[in-house]
Structures are given as C-alpha cells and as structure tokens.
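# Examination of the molecular architecture
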Amino acid sequence: MEPGSRGAAPGGVSVSAVLPAGGSGERLGGATPKQFCAVQGRPLVSYAVRAMERISWISDIIVVVSPENIETMKTIIEKYGHKRVTVVEGGITRHRSIFNGLKVFAENEFSSHLLQKPEVVIIHDAVRPFVEEDIISKVVMAAKEYGAAGAIRPLVSTVIASAADGCLDHSLERARYRASEMPQAFLFDIIYEAYQQCTDYDLDYGTECLHLALKYCKTNAKLVEGTADLWKVTYKRDLYAAESIIKDNLSQQVCVITDVKETLAQVGFLLPESLKSQIKVEAISVSLSKNDSRLQNIISGQCYNFVYVNEKRCALQETQELVDMLEKSNIPLLCPVVLILVHLDISENNSFSIGMEDLTTIKKFARETKKKNILVYGLLIQYK
C-alpha cells in the first residue's frame, strides 16, 4: 500500500485523528512553541502529521492550533505537501482544543464543511513524532471493542505526594502504576459525549482523555502496552534527542525504484524482500519520465536513500529527472541523499563491461550532483 492511498482500517471501522498542537512550549523555553521548532530543518508537528498521513486507513487528520499559529500551520501543510489535513482553531486549554477538533465532525461552525464522522477517533500529541502504525492499530482495535483505549508505559520514577509543610506524605507503589501515553483512541460517540458533558473545571484543568470517558460515559479504557519511542518532546534537550532519532531512522530506510518492465519489476521485488528484514523499504515500479505521485509522497516523507534499477547502460536522463525531483524537495539541504544506480545487464552477451565514454559521463554526473549534496554510486550487474 502506497502512502496516501486508502486501505481498510483494523476491524473495518472508519478512523480519523485529532492532533492537539496549541501548546505554548513554556517548559521548552524560547519564543517558538515546541511543535513548530525545526528538527532536521522540518517542524516537529510535520513529523507527527506525516506519521498519521502514511497510514492509509486514517481518513482525516485534524490539527488544532492556537489562533495566532493557524497561518503558520497552513504554510507547513502546503510546504511539505500534507494531505487529508484540516486546521482548526484551538481553545485556551488542551481539553478545549481537543473538543474543538472533535466538533469538525459534528458542528458546522468549526469547519467550512462538515467532515464525515468516524466510528473511531485517534487523539495524539503533535509533539510525539515517532508513533508507528502498529501501536495505532492496536489502540484502534481495542477502542472498537472497549469504547476507549490508550498506550501506557512503565513508570521511570517513583511518584510521591508531599504534605502541606513540604515533607513527604506518602509514595505510590511503582509496580502498580503506569504512565499514560499517546496515542489514545475512542469510539467517536463516546468521547464526544464525554466532552459535551464535561464541566468547565475538567475542561480547564484536566489533561487525561481516558478519564473523561470513564467519568462521563462509564467507559473503562483498555490499556495497551506501548513502545519506548512514544515519548513527548517537552524540554530543549528532547529536541536534540529527537534529531538524533530522526537521523538514525533516515539511515534505516530506502526507496527501491524500478522501471515498469517485467524483468526489472521482478528484481524490484526480490531486492526489497532481501532488504526488509534489516531496514525499512519502500518499493515502487514507475517510469521516471512521468510525474508519479507515489514517488513524490516518498520524497516528501524525507527518504534519503534511493536505489534506481534500470537496464540501460547509461540511464542519466532518467536519473537526472530523479535528481531534479530531489533538489526541488529541498531535502538535500538538510542531509546528504544517497542514490545508487543499478544497471541490470539482461542481454545474452557474455561481455560484462562498460565503455570508457559512459564511465567518464557517469563520473562527471556524480561530481555535479555531489555539489547538490546528492551522492551517486553505480553498480553493473549481469542478470540471467
């Protein structure tokens, strides 16, 4: 399934997502709210949106931002080519912002047009950029069965309570408690009803959506063990950690591009199959002479490693088109892009060589692309 295409959600339910992104970033320090801080040259919120966008069965993504950041968010959506995204004005607190995000499915005043109400809605923080489809699928399935579900993690530190005089009052038994994380998922009717019944006190001071479902709809959420990468960017040091993780993730994914010819398509299938146990692989069979939306989606998702399999002795025209696409995306400005050209010799001729003229042309091409921060390598493979 290619990014941006539609697929069936777990359990066959319709699913949308609400991403609260209206925080001020007070604990981070600095003038820029953390969700708009650049990590590897890209705003943090864009990574979270992309994580949802890559899941084909999420129909709509609602990003809730403060009024002064609406235009900033719209610019981000346009710049990075995000699809299926609606920007909504947030409230003065987290719960009021989430409530506004839910209202686009039920009340016309919060959107230019009423979006189709999903059976299940995901709520996920815009400053948790590393969520994977597996945990989202698990909480959606659990929400379908139990009405509400949320990811949890073991507590790292013991929780204590202080008395009025500032001395220790009591501590909690750490093994019995868990940290509530994101993503969370709910049957839409349950969480929307909970917010409709919610008191002003809960809207202004509450932080836990699962608690609202329990308090106002008597829905006991299913708790799903989450992975270590669900953490939230809160402090400045977290931005550096996020950058390190993103760099590592980028080195662990590759896009394999083959021409549409049958022989090349076979190789295009075998190569990803052999690689996928070690790294994340996107495989597409396209003609680079055509503007293919699937390849554009992969590039906009900031893939930095490409393998182009072709049967031409010196396929520089097609390769130049790929280089042009990469250059226009601006991703080589952030990190070097690796492009491996694999020439597949499928002729019956036993000679296995490349002419000096072709070799000189390829070397010159590689030197020019290196100036654009795109590193080109070549392989000549005889395939029988």
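Quick caveat: nothing in here was measured; it's all calculated off a predicted structure. (Residues numbered from 1 in each chain as written. Predicted model: local features only at pLDDT ≥ 70, side-chain atom pairs only at ≥ 80, totals over all residues. Heavy atoms only, no water.)

### With respect to unusual backbone geometry
In the segment running from Met182 into Pro183, the intervening peptide bond is cis, with an omega of 10°. Inspection of the secondary structure puts Pro183 in strand β10 (residues 178–187). Phi at Asn373 is positive, roughly 70°, even though this residue is not glycine. Here Asn373 shows up in the loop between α12 (356–370) and β16 (374–382). The partly exposed category is assigned to Asn373, whose relative accessible area is 26%. (Helix = DSSP H or I, 4+ residues; strand = E, 2+ residues; numbered from the N terminus. Buried < 20%, exposed > 50% of the residue type's maximum accessible area, 1.4 Å probe, protein only.)

### Observations regarding the pairing of strand β14 (residues 305–310)
Looking along a regular strand, one sees the side chains alternate between the two faces of the sheet. Most of β14 sits out of view: six of its six residues are buried. Taking every second residue as pointing to the same face, both faces of β14 are buried, with Asn305, Val307 and Val309 on one and Phe306, Tyr308 and Asn310 on the other. Note that strand β12 (residues 253–258) and β14 share four bridges and pair parallel. Following the sheet pairing, Cys255 is matched in β14 by Phe306. (Pairing = 2+ DSSP bridges.)

### Considering the confidence of the model for the protein
On average, residues of the protein score 85 in pLDDT, and 86% of them reach the 70 mark or higher. Within the protein, no element has a lower average pLDDT than helix α9 (residues 262–275), which sits at 72, and none a higher one than strand β6 (residues 120–123), at 98. Low pLDDT (under 50) marks residues 1–5, which in the prediction has 15 contacts with non-local residues, meaning those over four places away or in another chain. (pLDDT = per-residue confidence, 0-100. Contact = heavy atoms within 4.5 Å.)

### Quick look at the sheet that holds strand β7 (residues 148–154)
Where strands meet in a sheet, backbone hydrogen bonds hold them as pairs that are either parallel or antiparallel. Taken in spatial order, the seven strands make up an open sheet running β5-β4-β1-β6-β10-β7-β11, and their pairing is mixed. Whereas interior strands pair on both sides, the edge strands pair on one side only; in this sheet they are β5 (85–89) and β11 (222–225). With strand direction ignored, the average angle separating the axes of adjacent strands in the sheet is 25°. Where helix α3 (residues 94–103) meets the sheet, its contacts fall on β1 (15–20), β4 (58–65), β5, β6 and β10, and the angle it forms with β1 comes to roughly 145°. Taken strand by strand, helix α5 (residues 188–197) contacts β6 and β10, and its axis lies near 110° from that of β10. (Axes fitted to C-alpha atoms, helices over the stretch in contact; angles between N-to-C directions.)

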